[in-house]
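# Examining the three-dimensional arrangement
Next come the chains, spelled out residue by residue.
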Amino acid sequence: MSSIRVRFAPSPTGTLHVGGARTALFNWLYARLQKGVFVLRIEDTDQERSTDASTQQILRSMQWLGLDWDEGPTEDGADSRGDHGPYFQSQRRDKYDEFAARLLQENLAYPCYCTPDELDAMRQKAKAEKRDFGYDGRCRDLSHDERKEREARGRTSVLRVRTPDEGSIRWTDIVHGDMEIAADTVEDWVAVKGDGFPTYNFAAVVDDGLMEISHVLRGDDHISNTPKQIHLFRELGFRIPKFGHMPMILGSDGKRLSKRHGAASVEEFRDENFLSAALVNYLALLGWSPGNDQEVFTVQQLTKKFSLKRLNHSAAVFDPEKLAYINAEHLKLLSDKQRLAMAWPILVDAGLAEADDGQARAKLGQVLKIMGARVSHLNDVPAYCAAYFSDDYELDAEAAAEFDDEAQAHMAKLAEAMAKVEGFDAASAEAALRALADELGLKAGQLIHPARFAVSGQKVGPSVFDVLATVGQERVVQRLRAPRRPA
Ligand code: GLU
C-alpha cells in the first residue's frame, strides 16, 4: 500500500450535494489510482447544525455512488473502523483538548477575553479604515496577572493561534500552482471557542495530522483557510499535506450551483433514476479533463485515467443536458439483465405490474430489448412501456391527428388478417401485413403507421412487427378493431 492518504471530510449539516460529491469522488479516485487509503471523516463539531439524519444521508449517498472508504464510520454510521479513529470529530474532543493545551503551553496560542462587543467595535473600525477584519491582537501579550484579573471578572475566553507577523506562507497548490500569502494578513484566529469546542480549522489540522493525510483535495472556498492550517501544521510538527483546491461548480447562470438550479443533492439524482455510474462519470468531468475528447467513462476506467495533473482551474458549469447524455450512454453499457433489474421496480412503482409477476418481468425484458437505445433514461420506462402492460397508455397527438376514418377502415381489415395468423410472431405478423397491403393495393407504410398508433399509441418506436409480436396477438386484434382515439 502506498503512503497516499486522502480524506473526504463533510460536515453533516445538510445533504450531500453535487459539489461535495465531486470532492469525495476526486479524493476517492486519487486513492484508488495510487492504491492509497481513502478516509471518511465526519466533521460534526457544530453541535447546533450537525444532525444524525444528515450523516446517514451522506453515508447512503456515498454508498450509492460506490465511493467506498477504507477508514471511517461503519456503513450504518454507528461506529468507526480503521486505525486512526474515531472518525467523528464529536468523539475526538480529548485529542483537541490535548493539542489546545500544548498550544497554550508552548505559547503558540493565547487566551483571548474580548467580548462580542469589543470584537464588533474592531470590525467597525477595520471597516471604516477599509481593512479586512483582522483581530487586533490586544490579548496577545497579557501578563499572567492580567489574565487572572479578567477571569476573576468572569470573562470567558477563546483560544487564539498566534500567527506570524512577518514573512509569508507558501504552498504549491495542485490546481492553482504557487501560492503565497503575506503572513500579516492572516489574523490570530480562534482555535477553541468559548464553549470548549474546536473550530473547523483547528480540528481539521489536528485530524489531518493524526490521520497522516498526505493530500487535501477540496473546494476553492477553503483557500483562505489554507495559510492558517499550514502554519499550524508546521507549529505542531506535523507533515504538511499537499493541497489542491478545486474550482466551484456553477449553474448555467454563472452563480454557484444550488437548489435553484434543480436537483443538487445526490439522493435527488438517485430518486430521479439516474444511474450512479453516470453521475460519477459526469462529476469527474466537472473539474478534470482526460486530455482528449472522450466523455464516457466507466468507473473502472476513471480509476485508471484520473490524474491530479489534469485538474482544471476554471470554474465548472453544471450542464443537465450533458448529464442526460452521459446517463443515456451508460444505460447502453448495461447488460440486458442489469437494465431489466433497474427498470422493473420502476414499472412496478408506476402500477403497471405486480412485483411478483414473473411473466410481466420477462415481458419487460422483451420490451426493453426491442426498445434498445430509445430508452435513454429509466424514467421513460413507464411511458414507453405502458402499452405492453395496460390499455391505459398515452396517445401521441400527431399520430392521432393522422389517424383518419380511412386508416380505421384499413385497421379493421388488418385486425382480421392478424386474427388468422398462426404462430404469431414478428415474422408471421409482417408476412400477414404485407400480404394485406398487396391485396388492397396499398404501400406497406399505409398500414404500418396507423397500426403502430392503433396498437401502441405512438408515432415512432421500435420495428412495428416487433411491437405487434410483443404486445401479443389477442391485444393486437382488439386494438386494431377498436383503436383508442383521443377524447
Ligand atoms: N468540513 C469541511 C467542509 O465540509 C471540510 C473542508 C476540508 O476538506 O478541509 O467544508
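Shown above is the structure to which this text applies.
First, a word on scope: everything that follows refers to the structure included in this document. None of these values were measured; they are calculated from a predicted model. (Residues numbered from 1 in each chain as written. Predicted model: local features only at pLDDT ≥ 70, side-chain atom pairs only at ≥ 80, totals over all residues. Heavy atoms only, no water.)

## Let's talk about the overall build of the protein
The condition that has to hold: Strands are runs of DSSP state E lasting at least 2 residues, helices are runs of H or I lasting at least 4, and numbering of each runs from the N terminus. C-alpha atoms define the radius of gyration, and 2.2 Å times the number of residues to the power 0.38 defines the globule rule. Three exposure classes are used, based on accessible area relative to the maximum for each residue type with a 1.4 Å probe and protein chains only: buried under 20%, partly exposed in between, and exposed over 50%. We call two residues in contact whenever any of their non-hydrogen atoms come within 4.5 Å of each other. Method for areas: the Shrake-Rupley scheme with a 1.4 Å probe, in which residue coverage is limited to the protein chains shown.
On a plain count of helices and strands, the protein comes out with 20 helices and 13 strands. In terms of overall dimensions, the protein is more spread out than a globule: its C-alpha atoms have a radius of gyration of 32 Å, far above the 23 Å expected for 487 residues. Taken over the C-alpha atoms alone, the protein extends approximately 110 × 50 × 40 Å along its principal axes. Residue burial in the protein is summarised as follows: out of 487 residues, 50% are buried. Restricting the contact set of the protein to residue pairs at least 6 apart, pairs at least 24 apart contribute 71%. Only carbon and sulfur atoms are counted for the fraction: they give 48% of the accessible area of the protein, which is about 23,400 Å².

## Here's the deal with the site of the ligand
For the record, the criterion: Residue proximity to a molecule or strand is established when one non-hydrogen atom of the residue lies within 4 Å of it. Any pair of nitrogen or oxygen atoms within 3.5 Å is treated as a polar contact; in protein, a donor-acceptor pairing is required on top of that, and neighbouring residues in sequence qualify only through side-chain atoms on both sides. Buried and open spaces are told apart on a 1 Å grid over the protein atoms alone, a cavity being a set of points where a 1.4 Å probe fits but cannot get out and a pocket being an open set with protein on both sides within 12 Å along at least five of seven lines. Residues with an atom within 4 Å of a point are the lining residues. Think of it this way: a molecule belongs to a cavity or pocket when more than half its atoms come within 2 Å of the grid points there. Nonpolar residues are Ala, Val, Leu, Ile, Met, Phe, Trp, Tyr, Cys and Pro. Charged residues are Asp, Glu, Lys and Arg, and all others, Gly as well, are polar.
Around the ligand sit Arg7, Ala9, Pro10, Ser11, Glu43, Tyr200, Arg218 and His222, and that is every residue in its neighbourhood. At a separation of 2.6 Å, an oxygen atom of the ligand approaches a polar side-chain atom of Arg7. Ser11 places a side-chain nitrogen or oxygen 2.8 Å from a nitrogen atom of the ligand. Computed on the free molecule, the ligand has an accessible area of 300 Å², of which 79% lies beneath the protein chains in the complex. Because more than half of its atoms lie within 2 Å of the grid, the ligand is assigned to the largest pocket. Considered class by class, the residues forming the shell around the ligand number three nonpolar, two polar and three charged.

## Observations regarding helix α18 (residues 444-456)
Going by this rule: A helix is expected to reach a length of 1.5 Å times the quantity of its residues less one.
Here α18 spans 18 Å end to end across 13 residues, near enough to the 18 Å set by a 1.5 Å rise per residue. α18 sits mainly inside the fold: 10 of its 13 residues count as buried. Along α18, the residues classified as buried are Ala444, Leu447, Ile448, Pro450, Ala451, Arg452, Phe453, Ala454, Val455 and Ser456. Contacts from the buried residues of α18 go to α15 (397-402), α16 (405-420), α17 (426-440), α19 (464-471) and α20 (473-481). Within two residues after α18, Gly457 carries a phi angle of roughly 80 degrees, on the positive side.

## Examining the side chain of Glu267
Tracing the chain through its elements places Glu267 in helix α8 (residues 266-271). Reaching out from Glu267, the side chain makes a polar contact with the side chain of Arg60 at a distance of 2.9 Å. Among residues more than four places away in sequence, those in contact with Glu267 are Gln57, Arg60 and Ser61.

## Remarks on the pairing of strand β1 (residues 5-8)
Let me state the cut-off plainly: Any two strands are treated as partners once DSSP identifies two or more bridges connecting them. With its strands directed away from the observer, a crossover is right-handed exactly when the path from the first strand over the helix to the second travels clockwise.
Burial along β1 is two-sided: Arg5 and Arg7 and Val6 and Phe8, pointing in opposite directions, are all buried. Bridge analysis of β1 against strand β2 (residues 37-40) gives four bridges, and the strand direction is parallel. Paired with Val6 across the strands is Phe38, a residue of β2. In the classification by handedness, the crossover that spans β1, the intervening helix α1 (residues 18-33) and the parallel β2 is right-handed.

## Some thoughts on the layout of surface pockets
Counted only if it meets this: Grid points are joined across faces, edges and corners, and a volume is the space filled by probe spheres set on the points.
Reported here for the largest pocket is a volume of approximately 1,100 Å³. As for the largest pocket, its lining consists of 40 residues, of which Pro10, Ser11, His17, Asp221 and His222 are closest to the centre. Breaking the lining of the largest pocket down by element, the ones donating at least two residues are β1, α1, α6 (200-210) and β10 (215-219). With five residues, α1 is the largest single contributor of residues to the lining of the largest pocket. Its residues placed into classes, the lining of the largest pocket shows 12 nonpolar, 18 polar and 10 charged. Empty space within the second largest pocket amounts to approximately 360 Å³. As for the second largest pocket, its lining consists of 20 residues, and the residues nearest its centre are Gly134, Asp184, Thr185, Val186 and Glu187. Classifying every residue of the lining of the second largest pocket gives seven nonpolar, five polar and eight charged.

## A look at the sheet that holds strand β6 (residues 158-161)
So the rule is basically this: Comment: axis = line fitted to C-alpha atoms, over the contacting stretch for helices; angle = value between 0 and 180 degrees taken between N-to-C directions.
Spatially, the three strands line up as an open sheet ordered β5-β6-β9, and their pairing is antiparallel. With one partner strand each, in any of the chains shown, β5 (109-112) and β9 (190-192) form the two edges of the open sheet. The average undirected angle you get between the axes of adjacent strands in this sheet is 45 degrees. Of the strand pairs in this sheet, β6 and β9 are connected by two bridges, and their pairing is antiparallel.

## Considerations on the state of the cysteines
Rules: Two cysteine sulfur atoms form a disulfide, by the criterion used here, when they sit within 2.5 Å.
Inspection of the entire model under this criterion finds zero disulfides. In this structure Cys112 is a free cysteine whose sulfur lies 3.8 Å from that of Cys114, the closest cysteine sulfur available. We note that Cys139 lacks a disulfide partner, and the nearest cysteine sulfur, in Cys114, lies 3.7 Å from it.

## Quick notes on the nonpolar core
Going by this rule: Note on terminology: a nonpolar core comprises buried Ala, Val, Leu, Ile, Met, Phe, Trp, Tyr and Cys residues joined through side-chain atoms within 4.5 Å.
In terms of nonpolar packing, the biggest core is built from 107 residues, with Met62, Met418 and Leu480 touching the most fellow members. Here the element with the most residues in this core is α1; it accounts for nine residues. In this structure, Leu480 is in contact with Met411, Ala412, Leu414, Ala415, Met418, Ala451, Ala454 and Val455, ignoring residues within four places of it in sequence. Residues Tyr87, Leu108, Ile169 and Val206 belong to the second largest nonpolar core, which totals 32 residues.

## Focus: the side chain of Thr199
Inspection of the secondary structure assignment puts Thr199 in the loop between β9 and α6. Thr199 gets classed as buried once you look at its relative accessible area, which sits at 15%. Setting aside residues up to four positions removed in sequence, Thr199 forms contacts with Trp189, Val190, Ala191 and Lys193.

## A short note on the pattern of salt bridges
Defined as follows: By definition, a salt bridge exists where a carboxyl oxygen of Asp or Glu is found within 4 Å of a side-chain nitrogen of Lys or Arg.
Per the counting criterion, the structure on display carries 36 salt bridges. A salt bridge links Asp207 to Arg92; the shortest N-O distance between them is 2.7 Å. Here Arg92 lies in the loop between β4 (80-81) and α3 (93-105) and Asp207 lies in helix α6, a separation of 115 residues in the sequence. Classification of Arg92 as buried rests on a relative accessible area of 0%.

## With respect to the environment of Trp189
Tracing the backbone through its elements, the reader meets Trp189 in the loop between β8 (177-182) and β9. Other than its neighbours up to four places away in sequence, Trp189 contacts Leu159, Arg160, Val161, Thr163, Thr199, Asn201, Phe202, Lys228 and Leu232.

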